[in-house]
Amino acid sequence: MVYIWITAVALFLFFFLRFTSKWLPGLPAGKRTKRTILRAFPVIEFGIWVVFAVKSIGLAFGDTPFYQIMINAMVLVVALICAWYFLRDFVAGIVLKSENGFEPGMEIDTPFARGTVRKAGYRSLELTDANGHYVRIPYSRISGEVISKPSNNKKRVEHELELGFGSNQEISAIKQQIRKRALELPWIVKEESLKVEINSLSPEKYMAKIKFYSVTPETAVKTEESIRKFIAENYFPI
């Protein structure tokens, strides 16, 4: 009877979790909230199965000498799975970064994507492709693969612009708003390369000097157009 109950609960959990995973993408919530839920669901699902396994082992073998052995074995398996999942990309990243010296602005070509390095993280490599899209590749996926770098590799394109505008806000607030808008664009090489200086010309009149590094000359022009549009929409002309 215990085994029938365990089987029935396992089938219920399987179909319930499958239904939930298909229903979540249509969840009526904000984009950020939905993304957080979708990322957390696999972890929650894994935790549910672990709890179910512990309860099932207790019901089926709780009165036998094998109970503690099976619990210890399950804990070991879960620990190995977690270590493999979290450490495989981290270890592969150490090897790849030491061999290739990834740095922002470097152009590379992998079997999965081609683009400019935006960030070399601990567990994945972030690229910006020719269309300005983000591509995140786990290091374990490209470990052992051929990674080529163009011989004329250009790390980044420097661009600078000056814009005058009026505003009744504090300089610090304006500077933060412009930086935030610029960093939302996928073509900025890295956050540290963005420089925003704002000088006061007279009360409520300012001159902004913005310097950044972009992926290509074309994306630099797109970035300037976007910043000009943002300032025209949020501040008044002088």
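In this text, all values refer to a predicted model and were calculated from it rather than measured experimentally.

Let us look at the packing of aromatic side chains. Enumeration according to the criterion identifies 6 aromatic pairs in this entry. Ring geometry for Phe 12 against Phe 16: centres 5.9 Å apart, planes inclined by 15°, an arrangement best described as stacked. Here Phe 12 pairs with Phe 16, and both are found in helix H1 (residues 2–23), just 4 residues apart, close to one helical turn. Ring centres 5.8 Å apart and planes at 85° place the aromatic pair Trp 49 and Phe 52 in the edge-to-face group. Taken together, the residues span about one helical turn, with Trp 49 and Phe 52 both in helix H2 (residues 31–61) at a distance of 3 residues. Among the aromatic side chains, those forming a connected cluster through ring pairs are Phe 165, Tyr 206, Phe 230 and Tyr 235.

By the element assignment, Glu 107 lies in strand E1 (residues 107–109). According to the relative accessible area criterion, Glu 107 is partly exposed, its value standing at 26%. Remark: the alpha-carbon pair of Glu 107 and Leu 11, spanning 96 residues in sequence, is separated by 49 Å.

Turning next to the sheet that holds strand E7 (residues 205–214). Taken in spatial order, the 3 strands make up an open sheet running E5-E7-E6, and their pairing is antiparallel. A strand with exactly one partner marks an edge of an open sheet, and here the two such strands are strand E5 (157–166) and strand E6 (195–202). Averaged over all pairs of adjacent strands, the angle between their axes in this sheet comes to 15°, without regard to strand direction. Where E6 meets E7, 7 bridges bridge the pair, whose relative direction is antiparallel. Across the sheet, Ser 200 pairs through a bridge with Tyr 206, a residue of E7.

Reading guide: rules and limits
Residues numbered from 1 in each chain as written. Predicted model: local features only at pLDDT ≥ 70, side-chain atom pairs only at ≥ 80, totals over all residues. Heavy atoms only, no water. Phe/Tyr/Trp six-rings, centres within 6.5 Å; stacked < 30°, edge-to-face > 60°. Helix = DSSP H or I, 4+ residues; strand = E, 2+ residues; numbered from the N terminus. Buried < 20%, exposed > 50% of the residue type's maximum accessible area, 1.4 Å probe, protein only. Pairing = 2+ DSSP bridges. Axes fitted to C-alpha atoms, helices over the stretch in contact; angles between N-to-C directions.

The values are spatial; any link to function lies outside them.
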